[in-house]
Amino acid sequence: MPIDADSEDKSFMRMALALAERGAREGEVPVGAVLVMAGRVVGEGYNRPVGRHDPTAHAEIEALRSAARSLGNYRLTGSTLYVTIEPCTMCAGALVHARVERLVYGAAEPRSGAIESTARVLANPGLNHQVRVTAGVLADAAAEKLTTFFRERRRRAEPERQGDRDA
């Protein structure tokens, strides 16, 4: 029995969410990504800019790098990138350069999302490659992961702020 696209999208997004959780355990903002070709994961990543001391080590970039290494090609034609949060401008540009066919993301990112929230980078008609976009796949789960991460971070920081006020 063939799997429908919606079910397949959710399945790969669950993998991305698991990678986001891995990043959260390492103290990184919980964003995960998987790159799929012909129904097979060929690259994966999660946010690692803090741990790698690399401002470009976003989940999307990590997944693109992983796939390019495993395939021996920086062109990822025919691929779909699943990412838990709407990509930023840098990551959107990387999708175009890599020739990713389709982007599927979970939650919108109102501060730096460059697909629909703050800009429409991929909608630029002057680009030499167009990426199809599907938004909102498991959006609630992706948003909750971020909310929980930042709530916990603020909770841990609260005793430090209290100490500053008491001094």
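Preceding this paragraph is the structure being described.
Just so you know, these numbers come straight off a predicted model, no measurement behind them.

What about the layout of surface pockets?
By volume, the largest pocket is sized at about 560 Å³. Lining the largest pocket are 24 residues, and of these Val29, Ile85, Glu109, Ser112 and Leu146 sit closest to its centre. Contributing elements (two or more residues each) for the lining of the largest pocket: helix H2 (49-52) and helix H5 (139-166). Looking at the lining of the largest pocket element by element, the count peaks at 5 residues for H5. Tallied by class, residues from the lining of the largest pocket come to 13 nonpolar, 5 polar and 6 charged.

Focus on the packing of aromatic side chains
Applying the stated criterion to the full structure yields 2 aromatic pairs. Here phenylalanine 12 and tyrosine 82 contribute two aromatic rings whose centre-to-centre distance is 5.2 Å and whose plane-to-plane angle is 35°, an arrangement assigned as tilted. Of this pair, phenylalanine 12 sits in helix H1 (residues 5-25) while tyrosine 82 sits in strand S3 (residues 79-85), placing them 70 residues apart in sequence. The pair formed by phenylalanine 12 and tyrosine 82 is uniform in burial state, with each residue classed as buried.

Rules and cut-offs
Residues numbered from 1 in each chain as written. Predicted model: local features only at pLDDT ≥ 70, side-chain atom pairs only at ≥ 80, totals over all residues. Heavy atoms only, no water. 1 Å grid on protein atoms, 1.4 Å probe; cavity = no way out; pocket = protein on both sides within 12 Å on 5 of 7 lines; lining within 4 Å. Points joined across faces, edges and corners; volume = space filled by probe spheres on them. Helix = DSSP H or I, 4+ residues; strand = E, 2+ residues; numbered from the N terminus. Nonpolar A, V, L, I, M, F, W, Y, C, P; charged D, E, K, R; others polar. Phe/Tyr/Trp six-rings, centres within 6.5 Å; stacked < 30°, edge-to-face > 60°. Buried < 20%, exposed > 50% of the residue type's maximum accessible area, 1.4 Å probe, protein only.

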